[in-house]
Amino acid sequence: MSFTITVRQGPARLATRLPQLARSSLRTPAPIRAFHQPATKPSTFFTSRATIASQTLRATPKNVFTQSRAYNQQTSQAVDQGSLMRRLLMGGAIFGGTVVAINAVFNRETREDGGMPAFERSYLNSTFLHTGLGIGIIGLTARQMVQTGFVYRLMVSSPWAVAIGGLALSFGTMIGTRAIDPDNYVPKYALWTAFNATQAAFIAPLIAFAPGALIARAGLYTVAMMGSISFVGATAKQEKYMYIGGPLLAGAALVAVSGFAPLILPATAVRTLAFTENIWLYGGLAVFGGFTLYDVQKILYHARMAERGIIKKDPVNESISLELDFLNIFIRMVQILMLQQNRRK
């Protein structure tokens, strides 16, 4: 019988072999897992739908979202083009309906001479051409004043000095333009251009703070309003609306007084200030719309006088009145649209 005697190693012996054991354990090729990696692949049988959806979104390539975003942009562009076309058609329908309605109400008695003679038509077209050129000069000059910062320098300076000086320059250049003989082209057109520059300085602060889309809408509404009224004045009976000059001057004085109301009345008079503001806006639209009708008939009257040789043909002087009508209507259109925009907010 043989016996095997196993002698256990003592603590001292184990202590001497610890470095060898540690070295052998480091040589082992067993993989080391990170804490976030699971040991085995989990089963997806009992996985919730939210987890599956999140994993699906992670696996989806990025170009799918890029393609969907591009598709949405194309759809929005198509919708914008459709809405723009709809607005243009609606604006054209409103303009045509306005012309027909105003012509039916205010122009029941047409011209007795069978239509506008060639000389009157030529004189009216020349006046409208100068009016369009003047409005273009005013718009371009006002835009240049905003871009160069000239408007901001005017606003930070003395407001009363700028207002009084601007009015003096405006009246001075207007009176000088009207006084110069139409045969002196250079000084007449130079003063006319200076008059347009002074008007641009007046409307430049409004253009600086109003959005571009709102300015475009106000210009479109102003052209539609003046175009319809001018059509009525041109096709109406001769000198039919020449009598309204006096009442229109009285209405213009009332509108001007209502414009100075915020400088005189206290801020606590809310209802009175609101009433004067309505007079300034809507009463001004009515007054200067009437002035457009009156000025068109006055232009045709001057055309008949120029044809007879009583006065000289001067479309520059005639265009100044239409420019002032346009600017007064345009400013009120911008203010009305800005008020509507603020109420929607």
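Above this text sits the structure in question.
Report on the accompanying structure. (Residues numbered from 1 in each chain as written. Predicted model: local features only at pLDDT ≥ 70, side-chain atom pairs only at ≥ 80, totals over all residues. Heavy atoms only, no water.)

Section: the overall build of the protein
Logical step 1: Helix and strand counts for the protein come out as 12 helices and 0 strands.
Logical step 2: Each helix and strand of the protein, placed in order from N terminus to C terminus, yields the pattern α-α-α-α-α-α-α-α-α-α-α-α.
Logical step 3: Burial status across the protein gives 30% buried among its 345 residues.
Logical step 4: In the protein, of all internal contacts separated by at least 6 residues, the share reaching a separation of at least 24 is 85%. (Helix = DSSP H or I, 4+ residues; strand = E, 2+ residues; numbered from the N terminus. Buried < 20%, exposed > 50% of the residue type's maximum accessible area, 1.4 Å probe, protein only. Contact = heavy atoms within 4.5 Å.)

Details of the packing of aromatic side chains
Logical step 1: By the definition in use, this model includes 3 aromatic pairs.
Logical step 2: Taken together, a centroid distance of 5.9 Å and an interplanar angle of 90 degrees make the contact between Y189 and W192 edge-to-face. Note that Y189 and W192 are positioned in helix 7 (residues 185-209) at a spacing of 3 residues, about one turn of the helix.
Logical step 3: Note on F326 and F330: the rings are 6.3 Å apart at their centroids and 10 degrees apart in plane angle, and the pair reads as stacked. On the criterion of helical spacing, the pair formed by F326 and F330 is a turn pair, its members being 4 residues apart in helix 12 (residues 315-344).
Logical step 4: Of the residues examined, F330 reaches a relative accessible area of 7% and is grouped as buried.
Logical step 5: Across from the ring centre of W280, 4.1 Å away, lies the NZ or CZ of R332, which sits over that ring. (Phe/Tyr/Trp six-rings, centres within 6.5 Å; stacked < 30°, edge-to-face > 60°. Lys NZ or Arg CZ within 6 Å of the ring centre and 35° of its normal.)

Notes on the nonpolar core
Logical step 1: Counting 46 residues, the largest nonpolar core has L124 and V334 as the members making the most contacts within it.
Logical step 2: When contributions to this core are tallied by element, the ones reaching two or more residues are helix 4 (118-148), helix 7, helix 8 (212-235), helix 9 (245-259), helix 11 (270-308) and helix 12.
Logical step 3: If near-sequence neighbours (up to four positions away) are discounted, L124 is found in contact with M116, A234, V296, I299 and L300.
Logical step 4: Membership of the second largest hydrophobic core comes to 5 residues, among which are M174, W192, F195 and V316. (Core = buried A, V, L, I, M, F, W, Y, C linked by side-chain atoms within 4.5 Å.)

A word on a nonpolar patch on the surface
Logical step 1: Where nonpolar side chains cluster on the molecular surface, the patch consists of W160, I164, F260, L263 and I264 and spans about 640 Å² of accessible area.
Logical step 2: Every element with two or more residues in the nonpolar patch is listed here: helix 6 (159-179) and helix 10 (261-264).
Logical step 3: With respect to the helices, strands and loops of the structure, I164 is situated in helix 6.
Logical step 4: Residue classification places I164 among the exposed positions, given a relative accessible area of 55%. (Patch = residues over 30% accessible without salt bridge, like charges linked within 9 Å, V, L, I, M, F, W, Y side chains within 5 Å. Areas by Shrake-Rupley, 256 points an atom, 1.4 Å probe, with all protein chains shown as cover. Salt bridge = Lys/Arg side-chain N within 4 Å of Asp/Glu carboxyl O.)

Some thoughts on the pattern of salt bridges
Logical step 1: Evaluated as defined, the whole model comprises 5 salt bridges.
Logical step 2: D181 is the partner of K312 in a salt bridge, and the nearest nitrogen-oxygen pair spans 3.1 Å. Taken together, the residues span a long stretch of sequence, with K312 in the loop between helix 11 and helix 12 and D181 in the loop between helix 6 and helix 7 at a distance of 131 residues.
Logical step 3: What makes D181 partly exposed here is its relative accessible area of 28%.
Logical step 4: The residue K312 makes a salt bridge to D183 at a minimum N-O spacing of 3.0 Å. Here K312 is found in the loop between helix 11 and helix 12, whereas its partner D183 is found in the loop between helix 6 and helix 7, with 129 residues between them in sequence.

In short, the description is geometric, and any link to function would need to be established separately.
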